[in-house]
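Here's the letter readout for the chains.
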Amino acid sequence: MSLDPVQVMKGQDPMALSPPPASNGDSKVSWDEKEGFCDSVGPKKPKSGPVRRARKVEGGIFFPKPENAVTIAVSSRVLFRTEKEQKVFEEKGVEEYLKYQVEHENEPFAPGPAFPFIKALESVNTRLRELYPESEELFDIVLVTYNHANVGVRLINTINHHNLFIERFCMTGGSSPIGYLKAWHTNLYLSADAEKVQEALSEGIAAATMFMPEKQIEVSETQLRVAFDGDAVLFSDESERIFKAHGLDKFFEHERENENTLLDHGPLKGFLETLGKLQKKFYAKGHRLDCPIRTYLVTARSAASSGIRALKTLRAWGLETDEALFLAGAPKGPMLEKIRPHIYFDDQMFHVEGAVEMGTIAAHVPYGIAQKYPHKKKSTNSAK
Amino acid sequence: MDPQSDCTLVTAVSCHDIFDLQTGQSDSSPLAKGTAFAFIKAVQSVNERLVKLSEKQTLLFEVILLGKDCEEQAKSKIFDSAKYYDLEIGKFCFCSKEKFERTLQENHVKLFLSSDRDDVHSALKAGVPAALLCQQADQQVQNQLKVLFSGDLIGLTEDSTEYLKDLGFNDVQIHNFKAAKGRIQEFAMLIGEMRRRFGCEDSPLHTILMTVWGSRDICATALKTLRAWGLDVDEAFCLAGAPCTPILTVLQPHILWDDGLHNLKET
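Residues numbered from 1 in each chain as written. Chains lettered and ligands numbered in written order. Predicted model: local features only at pLDDT ≥ 70, side-chain atom pairs only at ≥ 80, totals over all residues. Heavy atoms only, no water.

The name an unreviewed UniProt entry assigns to chain A is 5'-nucleotidase, cytosolic IAa, from the organism Astyanax mexicanus.

Written out as C-alpha cells, the structure reads:
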C-alpha cells in the first residue's frame, strides 16, 4: 500500500531492472527513468529501463524514495540555533558571515525549535521500521537551506554531533529553494523565513514559520505530538473571513446554516492525512493505545455549535484527530502547555506568540485572511 | 609550455554540439544552434567579466571547436555560422575520427565537453579531462555558467570505497573513479580561481557540488577537498540515493563532471 499525499508530482511509474555496466563504456543509459535531464544525445541504444530501489541497510530502509516517503524539509535556521550567525550576516554582510561560519566550523550549533520535532520523527521511523522493515513509508528529513555551501561543513559537523539521521540536503547558495522542495516531493517545509514559507504555500506545499520558545518545556521522546488549529490551517479560511468581515453573530449564523456543507481544505490538511495513514499502520499491528503518533485539533470554535461543522468536515474527509479541543474562545496557551506538542500550527501570529510565551513550540502558517489583520497583543480573545 | 597558456582554460567542444548539423540547411542561412550554444555564450560572459576586472587577464576560457570527420562543405558552413553568431572560438580543429584523441592532447585541452557519453569516455581513457555537456531545458542563454562536480568522485578516499562496492561497482571501475578524481583537480583549481574573482552575488560563474550516492561525510570530505583546491562551491546537494534528475532539472548545469559514476541503476 502506498501513501497518497495530496501532491501532483508523486506516484512515478516503477521501472525495470538494469545491471551495472561492465565497463565505463555504457554511454546511453539515462540518469533516471524517462528522458532525463542529461539524457543521451547521439546514437541511441535501446534502454532496458532501470529500477530504483531504496538503499537497503540492516534493520530496514533508511533512504526511502522521496515519492514514497513523507518528506519533511527543514531549514538550518529552525533545526539549529543560528542567532549569532544571523547577526553577523545582517550587520556585516555575506562575505563576513561566511568567514565567520568557516572559522567556527568545528563548533556545532545548538538545537533550534524544530529539533525536538525532528528527533520525534526519527523515533517514529524506528518504530515503523520494526513493524514494517520493507516499507518506504517513513519520514524522510531533508535539510533545505539557502545557505552558501561554505556552511555545509559546519552543518554536517553539527548533524554528526547531535547524532541526527539526516543524509539529504540542499544548500542553494542564495537561490530560492522552492524548485528543490518540489523536486523532493516535500510534504512539509519548516523555515524561519516567512517569505519563503509563503512562496511554498502558494506552490501548494504545506509550510510554516517556526519560532524559538523562550523557555523550553520538555516534550515526549517516544510519542510524536502534532497539534493543529482548525480554520485556515486544516480548513480553509472561509469562515474566518465571515467572522472578520461581519462579526461573531454572523459567523455563528453562517456556520449553523452551513453545518452540513463541508469546509474547504486548508494548507495542512494533507499533512494531517499523512499522519493519519501512518497511524493506521500502527493500529494494524495492534498499537492503537501506544501509538507513537498523536494528533490534536485545538480550535477556538465551540463544541456545541460552530465546532460541529468542523467535526463533520473531518469525518467526511476520513480524517480524525486523537483529541479535539474546542476552546470557545478561551486562550490556547494553557491547553497547549498540557499537550506539549512537538509542533503546533496556527494561522494567527497572536496565538503563535501566546503559545511560544508559555514554552510551546509553535509554527505560523501565513495563510488566509488573518494575515491581513496585524495582531494586537493585548486584544481580547474572540469566542467562536 | 607557454606560461600564459597554463592559465587559459582551454575547453574543446565538438562542432556537432555547437551547431545542429543534422537538419537540412539552405545554403544561405546559418546552422541552427546546438546543445553547446548556451554554454559558449555563458563562457563568453564569464570572460567578459574577467576582462572587465583586469584588462591583462590571463585566466580566461578559450573555446576550441573540434570537428570529427567533417566534410569540406560543412567546414565552411561552420566558419560562417560561428561568425554569424559572434562566437568567440579560439581555434577550429578538424580531424579524422582516429586522430580525435591525439588532437585533444596536442591542443593541451584542459576540458573536453560533449553531449555524447562515448566521446567523453574515449577522451577520459586517453587521459584528457572530459565531462558531459548538458542540454538546457530551454535554449535561452542563462546569465551564469553553471559547473557541477560530483561529490561521490571528489569525496572519494582510500577508506570510503565500500559503499561503491555495495552499489555494484567492481574494482576496475572504482580504480577508474580514483583516477578521475585526479583529473578533476586541475580544472577545479582553475574554476576556483576564476570564481574567486567574483563576489558571492552577481557572479557569472556558478559552481555546484552534488553527492548522489555518498553519505553526508563523503559530502563533507568533498567540500573540504574542493576548498583545499581553492574552490568554494556555491551550492551543495546530498541525495543519499534519491533521483538526481528532478534536482538537475531545476539546476540546469552546463557542465556535469561525473565520469560515468551515475550510469549505474540500482539492482
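Engineer: Where do I start with the overall build of chain A in this structure?
Structural biologist: If you tally the helices and strands in chain A, you get 14 helices and 14 strands. Residues counted as buried form 56% of the 384 residues belonging to chain A. Considering only residue pairs separated by 6 or more positions, chain A has 76% of its internal contacts joining residues 24 or more positions apart. Surface summary for chain A: the accessible area is close to 16,500 Å², and the carbon and sulfur share equals 52%. (Helix = DSSP H or I, 4+ residues; strand = E, 2+ residues; numbered from the N terminus. Buried < 20%, exposed > 50% of the residue type's maximum accessible area, 1.4 Å probe, protein only. Contact = heavy atoms within 4.5 Å. Areas by Shrake-Rupley, 256 points an atom, 1.4 Å probe, with all protein chains shown as cover.)

Engineer: Can you walk me through the overall build of chain B in this structure?
Structural biologist: The secondary structure content of chain B amounts to 11 helices and 11 strands. Computed over the C-alpha atoms, the radius of gyration of chain B is 18 Å, within 12% of the 18 Å expected from 2.2 N^0.38 for a compact globule of 267 residues. Dimensions of chain B, computed from the C-alpha atoms along their principal axes, are close to 55 × 40 × 40 Å. The long-range share in chain B, meaning contacts at least 24 apart out of those at least 6 apart in sequence, stands at 75%. A total accessible area of about 10,800 Å² is found for chain B, and carbon and sulfur atoms account for 47% of it. Taken as two groups, the 28 positive and 38 negative side-chain charges of chain B have centres that lie 2 Å from each other. (Rg over C-alpha atoms; globule rule 2.2 N^0.38 Å. Lys, Arg positive; Asp, Glu negative; His and termini not counted. Charge placed at Lys NZ, Arg CZ, Asp CG, Glu CD.)

Engineer: Sorry, what's going on with the domain arrangement of chain A here?
Structural biologist: When the parts of a complex come together, some accessible area is lost, and that lost area is often used as the size of the interface. All names here are of chain A. When the domains of chain A are assigned, the result is domain 1 (70-210) and domain 2 (224-372). The distance between the C-alpha centroids of domain 1 and domain 2 comes to 26 Å. Contact residues are listed per partner, giving 26 residues for domain 1 and 26 residues for domain 2. Roughly 2,200 Å² of surface becomes buried between domain 1 and domain 2 when both sides are summed, with 75% attributable to carbon and sulfur atoms. Considering only the side of domain 1, the residues that lose the most area to domain 2 are Arg127, Leu131 and Tyr132, jointly responsible for 24% of the buried surface there. Run the count over domain 1 and domain 2 and you get two salt bridges. Across the domain 1-domain 2 interface, the total number found is five residue pairs in polar contact (both at pLDDT 80 or more). Mapped by element, the contributors of at least two residues to the side of domain 1 that touches domain 2 are β3 (70-74), α4 (115-131), β8 (186-191), α7 (194-202) and β9 (207-210). (Domains from an automatic or database assignment. Buried area = accessible area lost by both parts, 1.4 Å probe. Salt bridge = Lys/Arg side-chain N within 4 Å of Asp/Glu carboxyl O. Polar contact = N/O pair within 3.5 Å; in protein donor to acceptor, adjacent residues only side chain to side chain.)

Engineer: Would you mind showing me how to read the pairing of β3(A) here?
Structural biologist: Along a regular strand, successive side chains alternate from one face of the sheet to the other. Residue and element names in this part refer to chain A. In terms of residue burial, β3 counts as a mostly covered element, since five of its five residues are buried. The side-chain alternation of β3 yields two buried faces, one formed by Val70, Ile72 and Val74 and the other by Thr71 and Ala73. Across five bridges, β3 lies against strand β6 (residues 139-145) in parallel orientation. Across the sheet, Ile72 pairs through a bridge with Ile141, a residue of β6. Inspection of the sheet shows β3 paired to β8 by four bridges, in the parallel sense. Residue pairing across strands places Thr71 opposite Thr186, the latter belonging to β8. (Pairing = 2+ DSSP bridges.)

Engineer: Would you take a moment to explain the nonpolar core for this structure?
Structural biologist: The nonpolar side chains of soluble globular proteins are, as a tendency, buried together. By size, the foremost hydrophobic cluster in this structure holds 174 residues, and its most contacted members are Phe117(A), Phe271(A) and Phe345(A). When residues in this core are grouped by element, the largest group, nine residues, is from helix α9 (residues 171-196) of chain B. Built from parts of two domains, this core gets at least three residues from each of domain 1 (70-210) and domain 2 (224-372) of chain A. In this structure, Phe345(A) is in contact with Leu188(A), Leu190(A), Ala208(A), Val226(A), Ala227(A), Phe228(A), Asp229(A), Val233(A), Leu268(A), Phe271(A), Ala363(A) and Val365(A), ignoring residues within four places of it in sequence. Core analysis: the next-biggest nonpolar cluster, separate from the first, contains 13 residues, Met349(A), Val352(A), Ala355(A) and Val356(A) among them. (Core = buried A, V, L, I, M, F, W, Y, C linked by side-chain atoms within 4.5 Å.)

Engineer: So what exactly am I meant to see when it comes to the packing of helix α5 (residues 152-161) of chain A against helix α10 (residues 216-228) of chain B here?
Structural biologist: Each pair of packed helices can be summarised by the angle the axes make with each other and by the distance between the axes. Following both chains from N to C, one finds α5(A) and α10(B) inclined at 150°, their axes separated by 9 Å at the closest point. By the angle between their axes, α5(A) is roughly antiparallel relative to α10(B). Judged by the sense of rotation from one axis to the other, the crossing of α5(A) with α10(B) is left-handed. In contact with Gly152(A), Val153(A), Ile156(A), Ile159(A) and Asn160(A) of α5(A), α10(B) contributes Arg216(B), Asp217(B), Cys219(B), Ala220(B), Leu223(B), Lys224(B) and Arg227(B). Tallied by class, the residues present in the contact of α5(A) with α10(B) amount to six nonpolar, two polar and four charged. (Axes fitted to C-alpha atoms, helices over the stretch in contact; angles between N-to-C directions. Parallel < 35°, antiparallel > 145°, perpendicular 65-115°, else oblique. Left-handed = near helix turned anticlockwise from the far one by under 90°. Nonpolar A, V, L, I, M, F, W, Y, C, P; charged D, E, K, R; others polar.)

Engineer: I'm lost on the pattern of salt bridges in this one. Help?
Structural biologist: Between side chains of opposite charge, pairing is possible as soon as their charged atoms come close. Residue and element names in this part refer to chain A. Scanning the entire structure with this criterion turns up 31 salt bridges over all chains. In this structure, Glu137 engages Lys281 in a salt bridge whose closest nitrogen and oxygen atoms are separated by 2.6 Å. Remark: Lys281 occurs in helix α11 (residues 269-284) and Glu137 occurs in the loop between α4 and β6; sequence separation between them is 144 residues. The pair Glu137 / Lys281 is uniform in exposure class, with both members buried. Where Lys244 meets Glu240, a salt bridge forms, and the shortest distance between an N and an O atom there is 3.6 Å. With Lys244 and Glu240 both in helix α9 (residues 238-246) and four residues apart, the pair spans about one turn of that helix.

Engineer: Could you clarify how one ought to interpret the environment of Lys99(B) in this entry?
Structural biologist: Along the chain, Lys99(B) turns up in the loop between β5 (91-95) and α5 (100-106). Of the residues examined, Lys99(B) reaches a relative accessible area of 45% and is grouped as partly exposed.

Engineer: Would you mind showing me how to read the packing of aromatic side chains here?
Structural biologist: The way to describe two aromatic rings as a pair is by their centre distance and the angle between their planes. Under the criterion given, the structure shown has 19 aromatic pairs over all chains. Relative to Tyr97(A), the ring of Phe89(A) has its centre 5.4 Å away and its plane inclined at 65°; by these criteria the two rings are edge-to-face. For Phe89(A), a relative accessible area of 36% translates into the label partly exposed. By relative accessible area, Tyr97(A) is classed as buried at 8%. An aromatic cluster is defined as three or more aromatic residues linked by ring pairs; in this entry it consists of Phe19(B), Phe37(B), Tyr84(B) and Tyr85(B). Above the face of the Phe109(A) ring, Arg154(A) is positioned so that its terminal group lies 4.0 Å from the ring centre. The ring centre of Phe100(B) lies 4.8 Å from the NZ or CZ of Lys68(B), which sits over that ring. (Phe/Tyr/Trp six-rings, centres within 6.5 Å; stacked < 30°, edge-to-face > 60°. Lys NZ or Arg CZ within 6 Å of the ring centre and 35° of its normal.)

Engineer: What am I meant to see in the confidence of the model for chain B here?
Structural biologist: The predicted structure's coordinates, where accompanied by low pLDDT, should not be read in detail. Residue-level pLDDT values for chain B average 84, and 91% of them are 70 or greater. Of the two predicted TM-score estimates for the complex, the pTM is 0.85 and the ipTM is 0.87. (pLDDT = per-residue confidence, 0-100.)

Engineer: I'm lost on the confidence of the model for chain A in this one. Help?
Structural biologist: Mean pLDDT over chain A: 82, with 81% of residues reaching 70 or higher. Low pLDDT, under 50, characterises residues 377-384 of chain A; the predicted model gives this stretch 26 contacts beyond four residues in sequence or across chains.

Engineer: Looking at this structure, how should I read unusual backbone geometry?
Structural biologist: Residue and element names in this part refer to chain A. Phi is positive for Ala232, close to 65°, though the residue is something other than glycine. Position of Ala232 relative to the elements: it lies in helix α8 (residues 230-234). We note that Ala328 has phi near 45°; this positive angle belongs to a residue other than glycine. Structurally, Ala328 can be placed in the loop between β12 (323-326) and α13 (333-339).

Engineer: I'm lost on the environment of Lys224(B) in this one. Help?
Structural biologist: All names here are of chain B. Here Lys224 shows up in helix α10. You can call Lys224 partly exposed: its relative accessible area is 44%. With 77 residues separating them along the chain, Lys224 and Val147 place their C-alpha atoms 18 Å apart.

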